[in-house]
Amino acid sequence: MRVHPAVFVCPLILTACGGSATDTDLETAFCELLENGREKDVVATATATDAPEVAFDNRQVEIELVGSPGAYSGYATFTPDEPGHFAMGLGQNVPFEVQTASGEVLPWAAEVVGAACADLAVRYTVELAQVPHTLFFGPGDAEEIDFVAEESNDDLSLATP
């Protein structure tokens, strides 16, 4: 008996998409990562030079900021594996921006404040090229920032800046 190759490909596609043809529920995925995901600890830098990389698949990144109470801030680097829209979730609602190599602040394509879980305070969607970008957190009261990111267009229809 000969089996058509589509019999094998279709289930693989459905499995990769979470078992259905719908988009990933970004909020649920980010909440799960922040509540139960593998964690990577990094220490932000006071300048963009030598800032740590925070683009990790399926990981929560706990970023320790520098400074003093009320003025904690720090830089990190985010290098996407491909160009596109990336959603970035923060466990604390602190000032946050994404910059190009030349220091230009990129505009948000979408911003969603709050979530069904307490661990996700805000998420932003920004369009990125496949080059390193500088992230700047703060200044603020938070000594650490919980950060998650994923390539996604899910929030583009939910909110705009």
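What you see is a predicted model, and the numbers here were worked out from it, not measured in a lab. (Residues numbered from 1 in each chain as written. Predicted model: local features only at pLDDT ≥ 70, side-chain atom pairs only at ≥ 80, totals over all residues. Heavy atoms only, no water.)

A. Structural context of the pairing of strand E4 (residues 84-90). Summarising burial for E4: seven of the seven residues are buried, a large majority. The sheet contact formed by E4 and strand E7 (residues 122-128) spans seven bridges and is antiparallel. Paired with Gly84 across the two strands is Leu128, which belongs to E7. Inspection of the sheet shows E4 paired to strand E9 (residues 144-151) by five bridges, in the antiparallel sense. (Buried < 20%, exposed > 50% of the residue type's maximum accessible area, 1.4 Å probe, protein only. Helix = DSSP H or I, 4+ residues; strand = E, 2+ residues; numbered from the N terminus. Pairing = 2+ DSSP bridges.)

B. The arrangement of the confidence of the model for the protein in detail. Mean pLDDT over the protein stands at 85; residues scoring 70 or higher make up 80%. Confidence drops under a pLDDT of 50 for residues 1-23, and excluding neighbours within four residues, the segment shows seven contacts in the predicted structure. (pLDDT = per-residue confidence, 0-100. Contact = heavy atoms within 4.5 Å.)

C. Main features of the sheet that holds strand E1 (residues 39-43). On the basis of which strands lie adjacent, the open sheet formed by six strands has the order E1-E2-E9-E4-E7-E6 and mixed pairing. Only two strands of the sheet have a single partner each, and these edge strands are E1 and strand E6 (110-113). Each strand axis lies, on average, 25° off the axis of its neighbour in the sheet, ignoring direction. Across four bridges, the pairing between strand E2 (residues 60-64) and E9 is antiparallel. Looking at the pairing, Glu64 lines up with Glu144 of E9. Packed onto the sheet, helix H2 (residues 26-36) meets E2, E4, E7 and E9 and runs at close to 140° relative to E9. (Axes fitted to C-alpha atoms, helices over the stretch in contact; angles between N-to-C directions.)

D. Representation of unusual backbone geometry in the model. For the bond running from Gly138 to Pro139, omega is 0°, close enough to zero to count as cis. Mapped onto the elements of the fold, Pro139 is located in strand E8 (residues 133-140). With a phi close to 60°, Asp50 is a non-glycine residue in the positive phi region. Structurally, Asp50 can be placed in the loop between E1 and E2. Even without being a glycine, Asn58 presents a positive backbone phi close to 50°. Take Asn58: it is sitting in the loop between E1 and E2. We classify Asn58 as exposed; its relative accessible area is 57%.

E. Layout of the environment of Asn36. Summarising the element assignment, Asn36 is placed in helix H2. Placed 24 residues apart in sequence, Asn36 and Gln60 show a C-alpha to C-alpha distance of 8.9 Å.

F. Expanded view of H2. Of the residues making up H2, those classed as buried are Leu26, Phe30, Cys31, Leu33 and Leu34. Viewed along the axis of H2, the buried residues span an arc of 165°, placing them on a single side of the element. Capping of H2 at its N-terminal end is provided by Asp25; its side-chain oxygen lies 3.4 Å from the backbone amide nitrogen of Glu27. (Arc of directions from axis to C-beta. Polar contact = N/O pair within 3.5 Å; in protein donor to acceptor, adjacent residues only side chain to side chain.)

G. Spotlight on the sheet that holds strand E3 (residues 72-78). Across the sheet, which stays open at both edges, the three strands sit in the order E3-E8-E5 with antiparallel pairing between neighbours. In this open sheet, the two edge strands, each paired with only one partner strand, are E3 and strand E5 (96-99). Each strand of the sheet is rotated relative to its neighbour by a mean of 20°, with strand direction disregarded. Alignment of E3 against E8, held across six bridges, turns out to be antiparallel. The residue bridging Phe78 from the neighbouring strand is His133, located in E8.

H. Representation of the packing of aromatic side chains within the structure. Evaluation of the coordinates by the stated rule reveals nine aromatic pairs. Here Tyr75 and Phe136 contribute two aromatic rings whose centre-to-centre distance is 4.7 Å and whose plane-to-plane angle is 45°, an arrangement assigned as tilted. Here Tyr75, found in strand E3, pairs with Phe136, found in strand E8; they are 61 residues apart in sequence, far enough to count as distant. Taking the relative accessible area as the measure of exposure, Phe136 reaches 17% and is therefore buried. Plain terms: the ring middles of Phe137 and Phe147 are 6.1 Å apart, the flat faces sit at 85° to each other, and that makes the pair edge-to-face. With a gap of ten residues between them, Phe137 in strand E8 and Phe147 in strand E9 connect regions that are remote in the sequence. The class for Phe137 is buried, based on a relative accessible area of 0%. Site record: aromatic cluster; members linked through ring pairs are Phe78, Phe86, Phe96, Trp108, Tyr124, Phe137 and Phe147. (Phe/Tyr/Trp six-rings, centres within 6.5 Å; stacked < 30°, edge-to-face > 60°.)

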